[in-house]
Amino acid sequence: MSVTQLGMPSIGVPRKGFFTDTSLCIGCKACEVACKEWNSVPADTSLELTGESFDNTSALGANTWRHVAFIEQKVQATDPSAHDGVKWLMSSDVCKHCTHAACLDVCPTGALFRTEHGTVVVQQDICNGCGYCVSACPYGVIDQRPDDGRVFKCTMCYDRLGAGEEPACAKACPTKSIQYGELDELRERADARVAELHERGEGGARLYGHNPDDGVGGDGAFFLLLDEPETYGLPPDPVVTTRDLPVMWKRAAGAAAGLLLGAVAVFWGARN
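Parameters and conventions
- Each chain carries its own residue numbering, running from 1 in the written order of its sequence.
- A pLDDT threshold of at least 70 governs which residues receive local features in this predicted model, and a stricter bar of 80 or more applies before side-chain atom pairs are shown or counted, although totals over entire chains, interfaces and linings include all residues.
- Water and hydrogen atoms were dropped before computing side-chain values, which therefore reflect all heavy atoms in the structure.
- Helix and strand assignments follow DSSP, with helices taken as H or I runs no shorter than four residues and strands as E runs no shorter than two, numbered in order from the N terminus.
- For every residue, the accessible area obtained with a 1.4 Å probe (protein chains only) is divided by the maximum for its type, and the residue is called buried under 20%, exposed over 50%, and partly exposed between those limits.
- By the convention used here, residues are in contact when the closest approach between their heavy atoms is within 4.5 Å.
- One confidence number per residue, pLDDT, is output by the predictor and ranges from 0 to 100.
- We define a nonpolar core as any set of buried Ala, Val, Leu, Ile, Met, Phe, Trp, Tyr and Cys residues linked to one another through side-chain atoms lying within 4.5 Å.
- Each pair of strands is called paired provided DSSP finds at least two bridges between the two strands.
- Every axis corresponds to a line fitted to the C-alpha atoms, with the helix fit spanning only the stretch in contact, and the corresponding angles, defined between N-to-C directions, vary from 0 to 180 degrees.

## Side note on the environment of Leu89
Structurally, the position occupied by Leu89 is in strand S3 (residues 86–94). Under the relative-accessibility criterion, Leu89 is labelled buried at 3%. Sequence spacing of Leu89 and Cys25 is 64 residues, and the spatial spacing of their C-alpha atoms is 8.4 Å. With sequence-adjacent residues up to four places away left out, Leu89 is seen in contact with Ala69, Phe70, Ile71, Gln73, Leu226, Asp227, Thr231 and Tyr232.

## What to know about the confidence of the model for the protein
Chain-level pLDDT for the protein is 86 on average; 79% of the residues reach the 70-or-more range. In this model, residues 1–6 is a region of pLDDT below 50 whose contacts with residues beyond four sequence positions or in other chains number six contacts. In this model, residues 247–252 is a region of pLDDT below 50 whose contacts with residues beyond four sequence positions or in other chains number zero contacts.

## A few points about the nonpolar core
By size, the foremost hydrophobic cluster in this structure holds 58 residues, and its most contacted members are Phe18 and Leu224. The residues touching Leu224, leaving out its near neighbours within four places in the chain, are Phe19, Thr20, Asp21, Thr22, Ser23, Arg193, Val194, Leu197, Ala205, Arg206 and Leu207.

## Here's the deal with the sheet that holds strand S8 (residues 178–182)
Across the sheet, four strands lie side by side as S8-S1-S10-S9; this open sheet has mixed pairing. Each of the sheet's edge strands pairs with one partner strand only, and the pair in question is S8 and strand S9 (206–208). On average, each strand axis in the sheet is tilted by 25 degrees relative to the strand beside it, whichever way the strands run. As judged from the five bridges shared by strand S1 (residues 16–21) and S8, these two strands associate in the antiparallel manner. Bridge pairing in S8 places Phe19 opposite Gln179. Lying on the sheet, helix H6 (residues 183–199) is in contact with S1, S8, S9 and strand S10 (221–225); it crosses S8 at an angle near 135 degrees.

Given below as structure tokens:
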């Protein structure tokens, strides 16, 4: 399948993306604030103490396009990164801008589209609130606002990209945990970073969503993690949820044809 068929930018237009290095995240939530300010994302009025961690945002949603997770772990007191037997993992989550995006497959109005940068964006003026994309997303990213039913998610600051600027979250990140650029270059940078961490004794460092051969064809926003994906609330082996649709439609068409032929046979048999 060609790049054009996948909805990616044509040859000569490099695909853009995010590389989020969670080993550099300090949990400041500057990315969340910058995202809300630039994109005029309303405040999440449902904020409350979850009882799970110091993170009161809890998850990505229609009003939270960047979410910094605080993951508390009990570890051996000898761990140099621990304090009183507790260690924190922090990670800024975002829409993955999948190569094979199921949300694009199921949208009946064309509200979701692939940009020239290879990102996936929702056009709210076309969205009819059907919610098909919500259930189709393998990461649970897309969400509907209860007041009008339309869906919202990260656009990777599409308007800023058009002006040659980096997304607001990457611009605001003080540690460069969030890095924006050409996807191929980010993947090379990520490979080098993992090798560096392994040399420093961080054996748990691994990349997530960077592999073009995974179940979604690789993500436009991928991560360096310090533990298993499940620890961060990420599916270990995500797959595009619409992958079996062609086979399903073919079988449905075959069944319908069989029923039609059966009905015709009964009709002609009754006449004779």
